[in-house]
Amino acid sequence: MLDLYGTSVSSRLLLGTARYPSPAILAEAVRASQADIVTVSLRRETAGSRTGGAFFELIRTLDVKVLPNTAGCHTVQEAVLTAKMAREVFATDWIKLEVIGNHDTLQPDVFALVEAARILTGEGFKVFPYTTDDLVVAERLLDAGCEVLMPWCAPIGSAMGPINLPALRSMRSHFPDVPLIVDAGVGRPSHAAIVMELGFDAVLLNTAVAGAGDPAAMAAAFTGAIEAGRTAFHAGMIEPRDMAVPSTPVIGKAVFS
Amino acid sequence: MIMRVLIRGAGVAGLTIAHELASKGAEVEVAETAARAGGGASWFAGGMLAPWCERESAPEAVLTLGRGAADWWDAALPGHVVRNGTLVITPPRDTAELARFAARTTGSEWLDTESIETVEPGLAGRFRKALFFRDEAHLDPRRAIAALQEKLVAMGVCFHFGAALDFPDAGFDRIVDCTGACAIGEATDLRGVRGEMLILETPEVRLSRPVRLLHPRIPLYIVPRENNHFMVGATMIESDDSGPISARSVMELLNAAYALHPAFGEARVIETGAGVRPAYPDNLPRIGVDDRVIHVNGFYRHGFLLAPSVAKDVTAQIIASSKAKFAPSAGLFKPAFPTEHRNANPLEIGASR
């Protein structure tokens, strides 16, 4: 079981709820994924009104824990305000904190992120910060009161998969006891399996499922890959080497090369 | 005995059903709370009859039910439908989006720089690759609604504008409720999906067909209209808020238009608008029967595309019910209401007067 701010969750897949072909297909995908947590963008879906209306109603009926996010926020002030709005709408103190620093790459503004995280944890929020794989930023976020980190493995929606494996490995070994959730950049199930094999605790996805030809089937595929990666991490993988190793012992043969 | 039908709502759904019923000899009246026809979601529609493109994210039913739409509009309103196809393009850095779009759809062919210039000279030299959906069409929704209303009046359909919500339905054999987004909150599972659009005017860009610009975050389309006007749309936001367009949406729509052709930078903004599309959870329209009231709603962003085939279905149901009980047909007939209400007490319309 994965422990996030004192809450135990069994699924290691967190699913985004944006840009599905229809709410019906979104609901199917969430069911097929067996995810315990879905993330919901407040800013984009409310269009100025604070009720959220039918879409939020649908999310509430999915019977999963909601992790609201501050997607689309570019400043500390916007992100803090959106987090407070989310707390009202979904009656939760969880917040996935995104402060975007670049409109084009959607790279997080890590300076504003740390500041917003400090303000929000001070107000009792349980902050899940969307960050880069930078270790110093990670330290600062932990200092600011975050107990979970969500590093990207590639830019949001890019579907490139882990582009800097050494950085992810080093993050895992620097923070062995902090729940690390890879958020953003995962395009296919094999990408999710790779980061889980590195020992990451969970994966958060949206576009890879929402944009698939059959989102529900893709959600199930990711669930399988994430479980496989997690199991492999615990099972202890062999290391690659640059020569062939016969699986049958060669002792007793004439030449031992 | 002539069948008398009251239609509530003079949007694209109400008017197409009125047309089908009146063509079959029914006596039709239309009650509309607004002062004019097509003032709801229809007013902000793109008017693209593009079932192959829509298949990218819509279920198969949108293609099967929508492929006859251009023929229907052409027959009902000769001269309104432009059959020039649809062009789908991406900025050079997003060509992966084009491949994804092609993989999810059928009915297109690839164009290279030269053939783009041949098909759409106004975009010459601007894009290296495009998808061309040759069989698609478009119309101007506002002109089409006005023309359809005029035709219906000539056919003897009586319109009541500024009608009360509870416009009396005594004496009618059937009531068809086509009130669209006004039914949000009353019809089970019906929700609003906000759409924002703008209209630009420039003599410097020439397009002869709708152009869809694929972008990972800001997909948009531009539909050419008369008088050098271009409709640019449309956002898809899960909300039933119909308030004015947001600054961000204006910025994104204009950015994308500018990316399509820099001359849009000099265009004049003639209009901005925001409306609410009525939609069910699967984003497909539903026909629900509740005694003598038939509810038709949930056209989402496919009003002009799907209204003709739904209108034919509804009309066939009403005609069949005048001789026999209602029976589901065409696979569209989903119970929008508890099943015990369906098929209940079918009126023998032929004997009702």
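Residues numbered from 1 in each chain as written. Chains lettered and ligands numbered in written order. Predicted model: local features only at pLDDT ≥ 70, side-chain atom pairs only at ≥ 80, totals over all residues. Heavy atoms only, no water.

## Some thoughts on the nonpolar core
Leu 4, Ile 59, Leu 97, Val 127 and Leu 205 of chain A are the most contacted members of the largest nonpolar core, which has 80 residues in total. No other element matches the eight residues that helix H4 (residues 76-90) of chain A contributes to this core. In this structure Ile 59 of chain A touches Thr 17, Leu 26, Val 38, Val 40, Val 66 and Phe 90 of chain A, once residues within four positions along its chain are discounted. With 52 residues, the next largest nonpolar core counts Val 12, Ala 18, Ile 294 and Ile 318 of chain B among its residues. (Core = buried A, V, L, I, M, F, W, Y, C linked by side-chain atoms within 4.5 Å. Buried < 20%, exposed > 50% of the residue type's maximum accessible area, 1.4 Å probe, protein only. Helix = DSSP H or I, 4+ residues; strand = E, 2+ residues; numbered from the N terminus. Contact = heavy atoms within 4.5 Å.)

## Focus: the packing of helix H8 (residues 189-197) of chain A against helix H10 (residues 215-235) of chain A
Residues and elements named next belong to chain A. Close contact between H8 and H10 brings their axes to 7 Å; oriented N to C, the two are set at 25°. On the basis of the axis angle, H8 is roughly parallel to H10. Remark: the crossing between H8 and H10 carries right-handed chirality. Only Met 218, Ala 221, Phe 222, Ala 225, Ile 226, Gly 229, Arg 230, Ala 232 and Phe 233 of H10 make contact with H8, whose side of the interface consists of Pro 189, Ala 192, Ala 193, Met 196 and Glu 197. (Axes fitted to C-alpha atoms, helices over the stretch in contact; angles between N-to-C directions. Parallel < 35°, antiparallel > 145°, perpendicular 65-115°, else oblique. Left-handed = near helix turned anticlockwise from the far one by under 90°.)

## Side note on H10 of chain A
Residues and elements named next belong to chain A. Over its 21 residues, H10 runs 30 Å from end to end, which matches the ideal 30 Å to within 8%, given 1.5 Å per residue. Those residues of H10 that are buried lie in contact with strand S3 (13-16), helix H1 (23-33), H8, strand S10 (202-205) and helix H9 (207-210). Phi turns positive, to about 85°, at Gly 236, one or two residues after H10. (Expected span 1.5 Å × (residues − 1).)

## Here's the deal with the sheet that holds strand S5 (residues 109-112) of chain B
Residue and element names in this part refer to chain B. Sheet architecture is open: eight strands sit in the order S5-S6-S4-S11-S12-S13-S10-S14, paired in mixed fashion. Lying at the two open borders of the sheet, with one neighbouring strand each, are S5 and strand S14 (268-279). Ignoring strand direction, the axes of neighbouring strands in this sheet form an average angle of 25°. The sheet contact formed by strand S12 (residues 220-225) and strand S13 (residues 229-233) spans five bridges and is antiparallel. (Pairing = 2+ DSSP bridges.)

## Examining the domain arrangement of chain B
All names here are of chain B. Domain assignment breaks chain B into domain 1 (4-45 + 141-190 + 282-346) and domain 2 (83-136 + 191-279). Here domain 1 and domain 2 have C-alpha centroids that lie 30 Å from each other. In this assembly, 18 residues from domain 1 lie in contact with 18 residues from domain 2. Summed over both partners, the interface of domain 1 with domain 2 comes to about 1400 Å²; 58% of that surface belongs to carbon and sulfur atoms. Three residues, Phe 44, Arg 142 and Tyr 300, lead the burial of domain 1 against domain 2; their summed loss comes to 38% of the area buried on that side. For the interface between domain 1 and domain 2, the tally reads two salt bridges. Across the pair Glu 271 and Arg 142 runs a salt bridge, and its minimum N-O distance is 2.8 Å. Counting across the interface, domain 1 meets domain 2 through five residue pairs in polar contact (both at pLDDT 80 or more). Examining the composition of the side of domain 1 that touches domain 2, we find that three residues originate from one element, helix H7 (residues 141-154), more than from any other. For the side of domain 1 that touches domain 2, the class distribution of residues is 10 nonpolar, four polar and four charged. (Domains from an automatic or database assignment. Buried area = accessible area lost by both parts, 1.4 Å probe. Salt bridge = Lys/Arg side-chain N within 4 Å of Asp/Glu carboxyl O. Polar contact = N/O pair within 3.5 Å; in protein donor to acceptor, adjacent residues only side chain to side chain. Nonpolar A, V, L, I, M, F, W, Y, C, P; charged D, E, K, R; others polar.)

## A word on the side chain of Glu 20 of chain B
Residues and elements named next belong to chain B. Its place among the elements puts Glu 20 in helix H1 (residues 12-23). Look at Glu 20: it is buried, it has no salt bridge, and the nearest opposite charge is Lys 24 at 5.3 Å. Of the polar contacts made by the side chain of Glu 20, one reaches the side chain of Trp 72; its length is 3.0 Å. Setting aside chain neighbours within four positions, we find Glu 20 in contact with Trp 72, Ala 311, Lys 312 and Thr 315. (Lys, Arg positive; Asp, Glu negative; His and termini not counted.)

## Quick look at the pairing of S13 of chain B
All names here are of chain B. The buried fraction of S13 is high, at four of five residues. Two elements, strand S10 (residues 191-201) and S13, share four bridges in a ladder whose sense is antiparallel. Across the sheet, residue Leu 200 finds its bridge partner in S13, namely Phe 230. Between the antiparallel neighbours S12 and S13 lie three residues, among them Asn 227 with a positive phi of about 60°.

## Describing helix H4 (residues 69-76) of chain B
All names here are of chain B. Considered for burial, the residues of H4 that qualify are Ala 69, Ala 70, Trp 72, Trp 73 and Ala 76. One side of H4 holds all its buried residues, which, seen down the axis, span an arc of 160°. Against H1, strand S3 (48-49), helix H3 (60-66), strand S7 (137-138), H7 and helix H9 (303-321) lie the buried residues of H4. (Arc of directions from axis to C-beta.)

## With respect to the interface of chain B and chain A
A common way to express how large an interface is: the accessible area buried when the components associate. Between chain B and chain A, the contact holds 17 residues from the first and 21 residues from the second. Between chain B and chain A, the buried area comes to about 1700 Å², and carbon and sulfur atoms account for 44% of it. The largest share of the area that chain B buries against chain A comes from Arg 217, Glu 238 and Arg 248 of chain B, three residues that together contribute 33% of it. Run the count over chain B and chain A and you get zero salt bridges. Viewed at the interface, chain A and chain B are joined by five residue pairs in polar contact (both at pLDDT 80 or more). Only S10 and helix H8 (247-260) of chain B provide two or more residues apiece to the side of chain B that touches chain A.

## Points about the packing of H1 of chain B against H4 of chain B
Residue and element names in this part refer to chain B. With their axes 12 Å apart at the nearest point, H1 and H4 run at an angle of 65° to one another. Crossing of H1 over H4 shows left-handed handedness. Every residue of H4 that contacts H1 at Val 12, Thr 16, His 19 and Glu 20 is listed here: Trp 72, Trp 73 and Ala 76.

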